[in-house]
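# Survey of secondary and tertiary structure
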Amino acid sequence: MPRFATIDIGTNSVLLLVAERTGDGRFEAVLERAEITRLGRGVDATRRLSAEGMEATLSVLEAFAREAREQGAQDIAVSATSAARDAVNGAEFLEAAKTRAGVTVEIISGQLEAELSFAAVSSDFSGEAAGPLLVLDIGGGSTEFIYGNPAGHVDFRHSFDVGAVRLTERFVRSDPMSAEDRARIQAHLRDTFKALPPPPPASVLVGVAGTVTTVYAVKHAIDPYDAARVHGGTLSVGELSALVDQLCQQPLEERRTLPGMQPKRADVIPSGALILLEAVKALGLDGCRVSDRGLRWGLLAHRFGAGASRS
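Pairing is possible between side chains that carry opposite charge, provided their charged atoms lie close to one another. Counting across every chain of the model gives 16 salt bridges. In this structure, arginine 26 and glutamate 28 form a salt bridge, with 3.5 Å as the shortest nitrogen-oxygen distance. You can call arginine 26 partly exposed: its relative accessible area is 44%. Taking the relative accessible area as the measure of exposure, glutamate 28 reaches 35% and is therefore partly exposed. As a salt-bridge pair, glutamate 32 and arginine 296 come within 2.9 Å of each other at their nearest N and O atoms. Of this pair, glutamate 32 sits in strand E3 (residues 27–36) while arginine 296 sits in helix H13 (residues 295–304), and the two are 264 residues apart along the sequence. Note on arginine 296: relative accessible area 9%, which makes it buried. Connected through salt bridges with shared partners, the residues Asp24, Arg26 and Glu28 form a single ionic network.

Below, the structure is given as structure tokens:
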């Protein structure tokens, strides 16, 4: 069976997926990897990718591209999102990626990012959802909301410039997070999310990406991380509220040691969890489902699925 790979370069992390395309057109994972490289460190303030963030990301990108080829991937699709979109020196990073890893990085728009995340979620959850799907994709630099309709098509999508790294850099001044810092983040999120239209009746919200899966893994002490135990889980508003209180009140060193926590994500997880909680509240819902399959799966189908363009 043919194998293909996708690499998703985000503001906070880099994700690798190598998958086989089966005879009926489905994809089955062969290898998945994730590394936190913080490409977007400082971008919110400087609009530039830092030398440290670029080097850490390029090193991981080289390793992931090599692994994908060793696994027999016929082609590798690589996407970059919020940090690379916002940085004035993004072209420098793209050229270095081609030289060092032999891959072409496509900087995708927030709108395409939303569509790909929705496609990944829809393929897994549409059959079991009682109503239309809503997708929430919380990244390091931006957060996407996608509303599906009963026919399974996208009716609304929007990318907001709020993410776990961006909000931490902008608002957090103490460890643990002070009540004042938390209040500023919540006020900013509530003001930002006022732009959201009401979701369709009976909507089911599915959260994707590392913030959501980490919050679930910490809540259930899933250590080491097990995608099969995380994917399809549920987080209620009550559970989220309690966990947000815990994460905001704990110092960084304590958060790093929590079962289910990636130590490199511990500094930004309070802000990320606040985004998740405030998003659920803004939508007027009582909780969300959890998906371990985000943009990298949508990109796989977009680039290498039946009828997809290989250009």
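Think of a sheet as strands paired side by side through backbone hydrogen bonds, with each pair either parallel or antiparallel. With mixed pairing, 5 strands are arranged side by side in an open sheet as E3-E2-E1-E4-E5. The sheet terminates laterally at E3 and strand E5 (105–107), the two strands that pair on one side only. Going across the sheet, the axis of each strand differs from the next one's by a mean of 20 degrees, ignoring polarity. Bridging between strand E1 (residues 3–9) and strand E2 (residues 13–21) involves 7 bridges; their strand directions are antiparallel. What sits directly across from arginine 3, in E2, is glutamate 20. Across the face of the sheet, H13 comes into contact with E1, E2, E3 and strand E4 (73–80) while running at roughly 135 degrees to E1.

Most of E4 is tucked away: 6 of the 8 residues are buried. Summarising the sheet, E1 and E4 pair through 6 bridges and their orientation is parallel. Within E4, the residue paired with alanine 5 across the bridge is isoleucine 76.

Right, let's talk about the packing of helix H10 (residues 237–249) against helix H12 (residues 269–282) for a bit. Two elements in contact, H10 and H12, have axes whose closest approach is 9 Å; the angle formed by their N-to-C orientations is 155 degrees. When the axes of H10 and H12 are compared, the pair comes out roughly antiparallel. Crossing geometry of H10 relative to H12 is assigned as left-handed. Contacts between H10 and H12 involve Val237, Leu240, Ser241, Val244, Leu247 and Cys248 on the former and, on the latter, Ile269, Pro270, Ala273, Leu274, Leu276, Leu277 and Val280. Looking at the contact of H10 with H12 residue by residue, the class counts come to 12 nonpolar, 1 polar and no charged.

For the rest of this paragraph, the subject is the side chain of asparagine 12. One can find asparagine 12 in the loop between E1 and E2. Among the residues examined, asparagine 12 registers a relative accessible area of 4% and is labelled buried.

Right, let's get into the sheet that holds strand E8 (residues 154–160). Taking strand neighbours across the sheet as the criterion, the 6 strands line up as E8-E7-E6-E9-E11-E10 in an open arrangement whose pairing is mixed. Across the chains shown, the open sheet's two edge strands, defined by having one partner strand only, are E8 and strand E10 (234–236). Averaged over all pairs of adjacent strands, the angle between strand axes in this sheet comes to 20 degrees, irrespective of strand direction. The strands touched by helix H8 (residues 210–219) within the sheet are strand E6 (133–138), strand E9 (204–208), E10 and strand E11 (287–290), with E10 carrying the most contacts at an inclination of about 80 degrees.

Across its 13 residues, H10 extends 18 Å between first and last C-alpha, which sits within 8% of the 18 Å expected from 1.5 Å per residue. Residues Leu240, Leu243, Val244, Leu247 and Cys248 constitute the buried set of H10. Seen from one end, H10 has its buried residues packed into an arc of 130 degrees, which puts them on one side. Opposite the buried face of H10, at more than 90 degrees from it, the exposed residues are Gly238 and Gln249. Looking at the packing, one finds that the buried side of H10 touches helix H7 (179–193), H8, E10, helix H11 (252–256) and H12.

Parameters at a glance
Residues numbered from 1 in each chain as written. Predicted model: local features only at pLDDT ≥ 70, side-chain atom pairs only at ≥ 80, totals over all residues. Heavy atoms only, no water. Salt bridge = Lys/Arg side-chain N within 4 Å of Asp/Glu carboxyl O. Buried < 20%, exposed > 50% of the residue type's maximum accessible area, 1.4 Å probe, protein only. Helix = DSSP H or I, 4+ residues; strand = E, 2+ residues; numbered from the N terminus. Pairing = 2+ DSSP bridges. Axes fitted to C-alpha atoms, helices over the stretch in contact; angles between N-to-C directions. Contact = heavy atoms within 4.5 Å. Parallel < 35°, antiparallel > 145°, perpendicular 65-115°, else oblique. Left-handed = near helix turned anticlockwise from the far one by under 90°. Nonpolar A, V, L, I, M, F, W, Y, C, P; charged D, E, K, R; others polar. Expected span 1.5 Å × (residues − 1). Arc of directions from axis to C-beta.

Remember, this is a structural readout, not a statement about activity or role.
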